[in-house]
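# Structural overview
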Protein chains: 2
Amino acid sequence: MARMKVTVAYDGTEFAGYQIQPSGRTVQGIIQSVLQKMHKGEPISIAASGRTDAGVHAVGQVFHFDSDLSIYPDAWCKALNAMLPNDILIRKVEEVSPSFHSRFSAVSKEYHYKLLTSKQADVFKRNHMLHYSYAINVDDIKRAALFFLGTYDFTSFSSARSEVADKVRTIYALDIVEEGEQLTFQIKGSGFLYNMVRIIVGTLLEVGSGKRKPEDIQHILVGKDRSLARKTAPAHGLYLHQVNYQDKPE
Amino acid sequence: MARMKVTVAYDGTEFAGYQIQPSGRTVQGIIQSVLQKMHKGEPISIAASGRTDAGVHAVGQVFHFDSDLSIYPDAWCKALNAMLPNDILIRKVEEVSPSFHSRFSAVSKEYHYKLLTSKQADVFKRNHMLHYSYAINVDDIKRAALFFLGTYDFTSFSSARSEVADKVRTIYALDIVEEGEQLTFQIKGSGFLYNMVRIIVGTLLEVGSGKRKPEDIQHILVGKDRSLARKTAPAHGLYLHQVNYQDKPE
């Protein structure tokens, strides 16, 4: 029996989310059914670093599974990609120690949120970037972003549906990267509560549009009240970019 | 009654092609049904610069229609976009003279064909670029491309389904543009036969992979025989980039 760590990219557009459900097309459901075929009908469970919602994409989601098949990592990669639909791409398969867990061994995660700031929409990016054609003050957003750095109780920036008791998380970096008409929010943290990245981006966009001041972020954080940060940015701009593990800083 | 010229972009992925059909989702069908609603049920025909196949995209397709509604061009643009699905985007509406015809007034057309040359596929570009992970000699492709410049009978580079009698066309430019792992074929000509761009690209890829020599292009052109150029590149890498009209060189 070997434990395999898998890095996977997916286009969230046509999925009802990552996590398997009684009905609806899910990333987990499709991967598990392919693994079951490879294991002659034996059900194989995969465990991911966390869920992503419907419409949310992944460049570097990580999951693991256990298998008694003797297949080299590269051959796993090819076999899985040959059987998976083309909106899921297995990027890497590695054999890891049985103590590795995609969720509990993770030390940090990085999400990207992509904005298209052009006047006109772009039909080719409609499912992969939030089109935001309003005036936006990027300097104010950058100033506001600084207030998120550090360790805080993120109750104000999590969905009311979040069931986790401990809402303290650490944000290591929140960079705002401009490339032509693309604005990317790159956020790295110890972990993220339900909808946390999308609420942070939604609130920063309110700062960018002048509805809030950069300093307001501090008050919202201290308030620990979900009603203080009201905007959740849409799912289709969000990417789970990377999951980091000990000894694997990159 | 005014004649309106419309520049439109669409993502071809979810269309059975540009041209209206008895069944199937088409760009023309959807635009005409929106115009019919705006004209209180009166059917409005639109005439485009040409068709595009299923899966083929457009950045700058052009069509025209006649209307007795008094609406300013910018208001047309907004009204149409508000009613159209988000894989069709009206980019510009202009009032033109009644003698303007999107097809017969066109003096040249430009198509782009996009290749992703990375080792690994990209789930986010799967419908918008041809993933080509084989070794490719771009210098050979550039040398081969030069043989297309000028006026030739393009029988060898048109589909057997092409019903046009006169197969003489002029190619003004065929540029191969490299940007990181993206290779774009930019081709501008007086007009194009059915599947002509896709067969030209398919043949150039055979040159790039070493299956043919750059000089072979000349022999294929002179041969005037469709069986000489066998490969048609897939639809999803192709974009109708721009249609040019007299006095509108850009």
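Residues numbered from 1 in each chain as written. Chains lettered and ligands numbered in written order. Predicted model: local features only at pLDDT ≥ 70, side-chain atom pairs only at ≥ 80, totals over all residues. Heavy atoms only, no water.

## Focus on the side chain of A:His128
Take A:His128: it is sitting in the loop between strand E5 (106–116) and strand E6 (130–131). Not counting chain neighbours up to four residues away, the residues in contact with A:His128 comprise A:Asp11, A:Thr13, A:His57, A:Lys114, A:His236, A:Gly237, A:Tyr239 and B:Phe124. (Helix = DSSP H or I, 4+ residues; strand = E, 2+ residues; numbered from the N terminus. Contact = heavy atoms within 4.5 Å.)

## With respect to the UniProt feature "domain: Pseudouridine synthase I TruA alpha/beta" (unreviewed entry) in chain A
All names here are of chain A. The feature "domain: Pseudouridine synthase I TruA alpha/beta" (unreviewed entry), as annotated in UniProt, sits at residues 8–104 and 144–246 in this numbering. Here residues 8–104 is 24% helix and 26% strand, with 18 Å between the C-alpha atoms at its ends. Split by type, residues 144–246 is 23% helix and 31% strand. Its first and last C-alpha atoms lie 30 Å apart. (UniProt positions renumbered as here; feature names shortened; annotations may be inferred.)

## Quick notes on the environment of B:Asn137
Residue and element names in this part refer to chain B. Tracing the backbone shows Asn 137 in the loop between strand E6 (130–131) and helix H3 (138–146). Residue Asn 137 is classed as partly exposed on the basis of its relative accessible area of 33%. Here the side chain of Asn 137 touches Asp 139 through a polar contact of 3.1 Å, landing on its backbone nitrogen. A polar contact of 3.0 Å, which involves the side chain of Asn 137, links it to the backbone nitrogen of Asp 140. (Buried < 20%, exposed > 50% of the residue type's maximum accessible area, 1.4 Å probe, protein only. Polar contact = N/O pair within 3.5 Å; in protein donor to acceptor, adjacent residues only side chain to side chain.)

## Re the pattern of salt bridges
With the rule as written, the count across this model stands at 20 salt bridges over all chains. As a salt-bridge pair, A:Glu178 and A:Lys142 come within 3.9 Å of each other at their nearest N and O atoms. Here A:Glu178, found in strand E8 (residues 168–179), pairs with A:Lys142, found in helix H3 (residues 138–146); they are 36 residues apart in sequence, far enough to count as distant. Between B:Asp122 and B:Lys125 there is a salt bridge, with its nearest N and O atoms 3.8 Å apart. Members of the salt-bridge network, linked through shared partners, are A:Asp140, A:Arg143 and A:Glu215. (Salt bridge = Lys/Arg side-chain N within 4 Å of Asp/Glu carboxyl O.)

## Observations regarding unusual backbone geometry
Residues and elements named next belong to chain B. At Lys 40, a residue that is not glycine, the phi angle is positive and equals roughly 55°. On the basis of relative accessible area, Lys 40 is assigned to the exposed category, the value being 82%. With a phi angle near 70°, Asn 195 is a residue other than glycine that sits in the positive phi range. Its place among the elements puts Asn 195 in the loop between strand E9 (182–189) and helix H4 (196–208). Given the relative accessible area of 18%, Asn 195 is considered buried.

## Overview of the interface of chain B and chain A
Across the boundary between the two partners, chain B contributes 20 residues, which contact 20 residues of chain A. Summed over both partners, the interface of chain B with chain A comes to about 1,600 Å²; 58% of that surface belongs to carbon and sulfur atoms. Among the residues of chain B in contact with chain A, B:Val123, B:Phe124 and B:Arg126 are the three that bury the most area, contributing 42% of the side total. Here A:Arg126 and B:Asp11 are joined by a salt bridge, their closest N and O atoms 2.7 Å apart. Put simply, chain B and chain A have six residue pairs in polar contact (both at pLDDT 80 or more) between them. Where the side of chain B that touches chain A is concerned, the elements lending two or more residues are strand E1 (2–10), strand E3 (57–67) and strand E4 (88–96) of chain B. By residue number, the principal contributor to the side of chain B that touches chain A is E4(B), which donates four residues. Split by residue class, the side of chain B that touches chain A holds 11 nonpolar, four polar and five charged. (Buried area = accessible area lost by both parts, 1.4 Å probe. Nonpolar A, V, L, I, M, F, W, Y, C, P; charged D, E, K, R; others polar.)

## A look at the UniProt feature "active site" (unreviewed entry) in chain A
Residue and element names in this part refer to chain A. The UniProt record marks Asp 53 with the feature "active site" (unreviewed entry), using the residue numbering of this structure. Structurally, Asp 53 is set in the loop between strand E2 (47–48) and strand E3 (57–67). Aside from chain neighbours lying at most four places away, what touches Asp 53 is Gly 17, Tyr 194, Asn 195 and Arg 198.

## Focus on the domain arrangement of chain A
Quite often, the size of an interface is put as the accessible area lost when its parts meet. Residues and elements named next belong to chain A. Considered domain by domain, chain A is made up of domain 1 (2–96) and domain 2 (108–245). Averaged C-alpha coordinates put domain 1 and domain 2 at centres separated by 27 Å. In this complex, domain 1 contributes 17 residues to the contact, which on the side of domain 2 involves 16 residues. Between domain 1 and domain 2, roughly 1,200 Å² of surface is buried when both sides are summed, and carbon and sulfur atoms account for 54% of that area. Residue Arg 198 is joined to Asp 53 by a salt bridge in which the shortest nitrogen-to-oxygen separation is 3.5 Å. Summed over the shared surface of domain 1 and domain 2, the result is 10 residue pairs in polar contact (both at pLDDT 80 or more). For the side of domain 1 that touches domain 2, the leading source of residues is E3, giving six residues. (Domains from an automatic or database assignment.)

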